[in-house]
Amino acid sequence: MKLLLLFACLLIAGLSLGGCASSGSAQPTVRKLNLSRYGGEWHEIGRLPNPFQKGLVAAKAIYETNPDGSLKVRNVGLKQDGTLTSIEGTATIPDPTEPGKLLVRLDRFPANIFAGDYWVLDVNESYTRALIGSPDKDYLWLLSKNAGDDRLSFAPQLERAQALGYDTGTIHFNPKRIN
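Cut-offs used in this document
- Residues numbered from 1 in each chain as written.
- Predicted model: local features only at pLDDT ≥ 70, side-chain atom pairs only at ≥ 80, totals over all residues.
- Heavy atoms only, no water.
- Helix = DSSP H or I, 4+ residues; strand = E, 2+ residues; numbered from the N terminus.
- Polar contact = N/O pair within 3.5 Å; in protein donor to acceptor, adjacent residues only side chain to side chain.
- Contact = heavy atoms within 4.5 Å.
- Buried < 20%, exposed > 50% of the residue type's maximum accessible area, 1.4 Å probe, protein only.

Regarding the side chain of Ser144
Then, number 1: Its place among the elements puts Ser144 in strand E8 (residues 140–144).
Then, number 2: A distance of 3.4 Å separates the side chain of Ser144 from the backbone oxygen of Thr128, its partner in a polar contact.
Then, number 3: Discounting residues that sit within four places of it in the chain, Ser144 has contacts with Glu41, Trp42, His43, Ile45, Thr128, Arg129, Asp149 and Phe154.

Pasting the structure below:
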């Protein structure tokens with residue numbers, strides 16, 4: 001058990017430091033982000049494979065604005081065997097001149113040791129579809145407030161991600177949605 005915990009801490013540290021090292025990337029994010037409109041329930045339509053979501057067949061994020069201007073984050077995942085997992089945290093905008101570059105710190109140890117980059121690369125005008133990435137281009141999410149959306153709904157966002165250098169050919173599209 002101690003070995004597993006040590007491995008998890010090292011993995012999170014490596015991922016976080018990798019993101020920090022490349023945070024000077026010229027990758028453009030949204031210039032304006034209205035956190036009140038961004039709040040709500042977002043269904044994960046697809047994502048680049050990552051170690052902390054391995055085995056999930058569906059995921060969603062629920063965002064609520066806090067009085068201090070941050071976002072309360074609740075991520076819920078559905079495993080292949082039907083069990084639900086969840087974790088909570090907080091998203092902040094460290095630099096108001098770059099509102100699309102958020103940092104997310106999850107509450108549970110060891111995930112709470114480091115904050116992760118959450119870069120809003122695109123959000124549509126109606127705040128119903130979003131493209132989320134990371135400065136190192138290792139993480140990418142296609143999010144929708146409409147559970148019925150699919151990969152075809154995200155053709156413009158996929159083109160944008162590919163133009164930014166993301167490996168869109170390895171995106172995992174979720175076969176299910178969480179109600």
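Overview of the environment of Thr128
Then, number 1: With respect to the helices and strands, Thr128 occurs in the loop between strand E6 (116–123) and strand E7 (129–133).
Then, number 2: In this structure the C-alpha to C-alpha distance between Thr128 and Leu143, which are 15 residues apart in sequence, comes to 8.1 Å.
Then, number 3: Not counting residues up to four positions away in its chain, the partners in contact with Thr128 are Trp42, Leu143, Ser144, Lys145 and Asn146.
Then, number 4: For Thr128, the side chain forms a polar contact with the side chain of Ser126, separated by 3.0 Å.

A short note on unusual backbone geometry
Then, number 1: Residue Tyr127 is not a glycine yet carries a positive backbone phi of 55 degrees.
Then, number 2: In this structure, Tyr127 sits in the loop between E6 and E7.
Then, number 3: Positive phi outside glycine occurs at Lys137, with the angle close to 65 degrees.
Then, number 4: Structurally, Lys137 is set in the loop between E7 and E8.
Then, number 5: Of the residues examined, Lys137 reaches a relative accessible area of 27% and is grouped as partly exposed.

Treat this as a map of the structure, not an account of what it does.
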